[in-house]
Amino acid sequence: MSELSKEYNFKQVEEKWERSWDSSIYYFDWESKKPQYIIDTPPPYPTGNFHIGNALNWCYIDFAARYKRMRGYNVMFPQGWDCHGLPTEVKVEQLNHITKNQVPREEFRRLCEKLTEEAIDRFHKSMGRLGLSIDWSNEYATMKPEYYVKTQTSFVRMYQKGQIYREDHPVNWCPRCGTAIALAEVEYDSRTSTLNYMHFCAEDGEIEIATSRPELLAACVAVAVHPEDQRYQKYIGRTVKVPIFNYSVPVLADPAVDSSFGSGFVMICTFGDKQDVRWWMEHHLPLRQAIDRGGRMMPIAGPYSGLTVEETKEKITQDLTEQGIIFKQEPLEQNVGLCWRCKTPIEILSEQQWFVRIDAPEIKKMAEEIEWIPAHMRVRLENWADSMEWDWCISRQRIFATPIPAWYCKNCHEALVAEESWLPLDPNLTQPKKKCKCGSSEFIPEQDVLDTWMDSSISALAVAGWPDRTDLRMPTQLRPQGHDIIRTWAFYTILRTRALEGIRPWDAILINGMALGEDGHKMSKSLNNFIRPEEVFESNGADALRQWAAIGGSPGNDIPFQWKEITAASRFQQKLWSIFRFSLPLIAPYDADSGQVDRWLSAELDQLITKTTEAMDRFQFDEALKAIRAFAWDVLADNYIELVKARLYGQDGLEKRAAQDTLFTALETLARLMAPFTPFLSEEIYHTLTGQSVHVQSWPVARGQPMDRAGLAIKEVASTLRRYKAEKGVALNSPLPGIVVYSDLDLETADLAGVANSPVESRTGKPSLEMKPIAVKPQMKVIGPRFRDKSQRIIMALMGMDPADIARQKEAGSIEVDLDGEILELPPEAAEVEIQTLSAGEAVDILKTKEATVLVRR
Ligand SMILES: [Zn+2]
Ligand SMILES: [Zn+2]
């Protein structure tokens, strides 16, 4: 075997294996009889770069995939790309200095696809470098017809079952992006605005109304008070006049009005917020839409028509103030809904949109069939389900998305949804293959597209072979994902899998935390705490980054990136490499009878296997890796190898072979246990040892070796002897005159003799010892203060006495000294007596361990 380098060259090793690995060993086998383990991997938005947060999450997936594969499962670790959606469109608009409407639809889509393909290439590179065992035979991209035909099929089937419908309904709308968005895409942020108090003319006199949105005055359809507000009883059921626009609206009574807010009167507009929508529905109010899709005022807003919302707010406030209608203003803290992508305040518009029915109780019931890790994360889904008031709006007024396969009849305006056999299609490019019910064959294509969550919420179905395979592999086994997308991806996936196949999407969902910056804050370029995986690949390698992911904390917790963990990981790799480098020329697999120390190590190894397996089964990767590290540093390097060095370097024979075989097995087993965490280093070690890839091996199984108490006792004697030498200031390899070990376990001596570099005798039973007082040590600090000028003479007298006599007197309670005839009585602590332990007449030091007494000749 060629000489191994002293320093572990992570770069050379990792790059070598990345180049030479055959990734087909990770392919899912559709014909296999092994139990399946399908992972519903997150398809990331391929924009930007693969970041540390991705690295953390993909490491978790890879740990699980590699572990399950070694445990004998037919694993699928697919990789999808969630291509569609606003982030890419916004980026294309920014990069090309255009808006989506300034170029033809097809051209805009092409620009988006190109940007996405470039990003996918970058992700491929980072994922390969990180050593992920992805099944590239199951890669999908939602923008490709092979995938979006599935999205369209799911749309058609749910439409046919009545689970998708089209309706004029208020939706959340981003005026900047020019599209409807789902409730799950609205972010809330608190802002300070102004509360304006205005006069409205009533039939007799005036009432006061407070509003933060005077620009919606043209959309006012009613005012309301609390039914028990005694101040305003006489107005209920009558009308008031909307200032500036001069039309009458009714005064309603509604218990949802907060009498303590403003004047107690509230203006109902279509629509200022979600409460307006509730009132509008309950009281069957008319619709006065004042804001258009681009965020500008409509003709109904009279003099303000064509202005933006912000411009209108400023101008109408000024007009109302000048006319004395606004008579008071005060600051108001408000929660404002913002577009998740561009942070523009959203508006609520009533629009014809496509909706998916939400059956919240059924979704909650199905969530209970799924194992949530950690368990408390299920509550987040339940809370979200409970807060749903509207169905899921799935149509978007954008371009880069799956087309909605529908047309509208020019004659009767009826919607015609495509048949499954026509798919995939873009209604803008093809016409329906049949006539409308009314007989007309002229259609207007649906220009709206589908919410991108419509693509990704069938990911579990898609990787399990839906809809083409007759042996659909549902449910899948694992969904790994972040807690930030429980209310979207997890919620929608359960909803859609249930709607389409009536089954849960996964057996278990593993929620991972976020990767934070070293300072504990969210990583961001502006906070200067941003780390790219490539930086770590360069400085310490992929295995070190993977160890950080494993050791940083258990899944579910947010985990700060820490260079000190990366350094610790590298040190561990170097340690393991040093162990390996030392062992390699000395070890070999043999079938040899093992000694006590070998059996102790085998038992320790068994315990490690059991502990690691149990932790991996619970996805507690940090526990598993910590146990592996502790074994390698403490048990293997510091104890076992030190103990068996003499045998390893000694003459060939059964004892040597037993050590060679035990160490070989330990290293081979460690390489397998570490394969999920450090695939490169593990491969280097395992391949050097066996000529095979560690990644097609099975997970180690404990061999049932019971703990060898004698071997454990020898290990303890050895560390006690090491400590003894250190305390005596003796070099660890310098010999001692002789060692006798007493233990009822009948300890073997070869390894102890080696580690102590001294002759060792092993005996059973207890040593017979004699305690001999050999010297007196007068204690000046006791004598001095009490006897002052006599102290020196007392000390001289004590020194002259027989140590055995002083020992007897101390025992009796006091010491008598004779100062030239004057007898003084000293307290027993006035002198210490040094005792020497003798064994068979020889002076010895005694060391005790739990199972042994060790005598060391002096
Ligand atoms: Zn937006
Ligand atoms: Zn028609």
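Our structure's up above, just so we're on the same page.
In this text the structure is predicted, and so the values were computed from the model without any measurement. (Residues numbered from 1 in each chain as written. Chains lettered and ligands numbered in written order. Predicted model: local features only at pLDDT ≥ 70, side-chain atom pairs only at ≥ 80, totals over all residues. Heavy atoms only, no water.)

Asker: Would you explain the overall build of the chain in this entry?
Answerer: Secondary structure assignment for the chain yields 24 helices and 33 strands. Going through the 858 residues of the chain one by one, you find that 56% of them count as buried. Summarising the internal contacts of the chain: among those between residues at least 6 apart in sequence, 74% fall at separations of at least 24. A total of about 37,300 Å² of accessible surface is found on the chain, and carbon and sulfur atoms cover 49% of it. Between the centroid of the 100 positive side chains of the chain and the centroid of its 122 negative side chains there is a distance of 2 Å. (Helix = DSSP H or I, 4+ residues; strand = E, 2+ residues; numbered from the N terminus. Buried < 20%, exposed > 50% of the residue type's maximum accessible area, 1.4 Å probe, protein only. Contact = heavy atoms within 4.5 Å. Areas by Shrake-Rupley, 256 points an atom, 1.4 Å probe, with all protein chains shown as cover. Lys, Arg positive; Asp, Glu negative; His and termini not counted. Charge placed at Lys NZ, Arg CZ, Asp CG, Glu CD.)

Asker: Just checking my understanding: could you explain the coordination of the zinc ion (ligand 1) for this structure?
Answerer: A four-donor tetrahedral metal ideally has 109.5 degree angles, and a six-donor octahedral metal ideally has angles of 90 or 180 degrees. Donor atoms from the polypeptide that coordinate the zinc ion (ligand 1) comprise Cys174 (SG), Cys177 (SG), Cys339 (SG) and Cys342 (SG), at 2.2 to 2.4 Å from the metal. For the zinc ion (ligand 1), the four donor atoms are set out with angles of 104 to 118° between them, so the coordination reads as tetrahedral. (Donors = N, O, S within 2.8 Å, 3.2 Å for Na, K, Ca; no water. Tetrahedral: all angles 85-135°; square planar, octahedral: opposite > 155°, others 65-115°.)

Asker: Whenever I open this one, the coordination of the zinc ion (ligand 2) confuses me. Can you help?
Answerer: Bound to the zinc ion (ligand 2) are the protein donor atoms Cys409 (SG), Cys412 (SG), Cys436 (SG) and Cys438 (SG), situated 2.2 to 2.4 Å from the metal. Here the zinc ion (ligand 2) binds four donor atoms, and the angle range of 104 to 115° at the metal identifies the geometry as tetrahedral. Mapped onto the sequence, the residues coordinating the zinc ion (ligand 2) show the spacing C-x2-C-x23-C-x1-C. Taken together, the residues span a long stretch of sequence, with cysteine 409 in strand 18 (residues 406-409) and cysteine 438 in the loop between strand 19 (415-417) and strand 20 (443-445) at a distance of 29 residues. The class for cysteine 409 is buried, based on a relative accessible area of 0%.

Asker: Honestly, the pairing of strand 11 (residues 248-253) in this entry has me stumped. Any pointers?
Answerer: Along any regular strand, the residues point their side chains to alternate faces of the sheet. Pairing analysis gives three bridges linking strand 9 (residues 220-225) to strand 11, with the strands arranged parallel. Bridging across to strand 11, valine 223 finds its partner in valine 251. Judged from the three bridges that link them, strand 10 (residues 239-241) and strand 11 form a sheet pairing that is antiparallel. Residue pairing for strand 11: valine 240 is matched across the bridge by valine 249. In textbook terms, the turn of a hairpin is the stretch between consecutive antiparallel strands, and for strand 10 and strand 11 this stretch comprises six residues, one of which, isoleucine 244, has a positive phi near 65°. (Pairing = 2+ DSSP bridges.)

Asker: What's the story with the packing of aromatic side chains in this structure? I'm lost.
Answerer: The relative placement of two aromatic rings is captured by the distance of their centres and the angle of their planes. Under the defined criterion, the tally for this structure stands at 33 aromatic pairs. Aromatic side chains phenylalanine 50 and phenylalanine 123 sit 5.8 Å apart centroid to centroid with 85° between the ring planes, which places their arrangement in the edge-to-face category. Linking phenylalanine 50 in the loop between strand 1 (36-38) and helix 2 (52-70) with phenylalanine 123 in helix 4 (residues 105-129), this pair joins segments that are 73 residues apart in sequence. What links up through ring pairs into an aromatic cluster is the set Tyr60, Phe63, Phe619, Phe621 and Phe677. Over the face of the ring belonging to tryptophan 489 we find arginine 479, whose NZ or CZ atom lies 3.1 Å from the ring centre. One Lys or Arg, arginine 487, reaches over the ring of tryptophan 384 and ends 4.8 Å from the middle of that ring. (Phe/Tyr/Trp six-rings, centres within 6.5 Å; stacked < 30°, edge-to-face > 60°. Lys NZ or Arg CZ within 6 Å of the ring centre and 35° of its normal.)

Asker: Would you mind going over the layout of surface pockets with me for this structure?
Answerer: Regions of empty space are outlined by a rolling probe, equal in size to a water molecule, passed over the atoms. In this structure, the largest pocket spans a volume of roughly 2,000 Å³. Along the walls of the largest pocket sit 48 residues, with Tyr45, His51, Asn54, Asp484 and Lys522 positioned nearest its centre. Breaking the lining of the largest pocket down by element, the ones donating at least two residues are helix 2, helix 3 (86-96), helix 4, strand 7 (186-202), helix 10 (452-456), strand 22 (476-482), helix 12 (486-501) and helix 13 (533-539). Broken down by element, the lining of the largest pocket gets its largest block of residues, five residues, from helix 2. Taken together, the residues of the lining of the largest pocket break down into 20 nonpolar, 16 polar and twelve charged. For the second largest pocket, the calculated volume is near 1,300 Å³. Lining the second largest pocket are 43 residues, and of these Ser212, Arg213, Gly272, Asp273 and Gln334 sit closest to its centre. Counting residues per element, the ones that place at least two in the lining of the second largest pocket are strand 7, strand 8 (206-211), strand 12 (266-269), helix 6 (274-282), helix 7 (309-322), strand 13 (326-339) and strand 14 (347-356). Looking at the lining of the second largest pocket, the element that brings in the most residues is strand 13, giving five residues. Across the lining of the second largest pocket, the residue classes break down as 18 nonpolar, 15 polar and ten charged. (1 Å grid on protein atoms, 1.4 Å probe; cavity = no way out; pocket = protein on both sides within 12 Å on 5 of 7 lines; lining within 4 Å. Points joined across faces, edges and corners; volume = space filled by probe spheres on them. Nonpolar A, V, L, I, M, F, W, Y, C, P; charged D, E, K, R; others polar.)

Treat this as a map of the structure, not an account of what it does.
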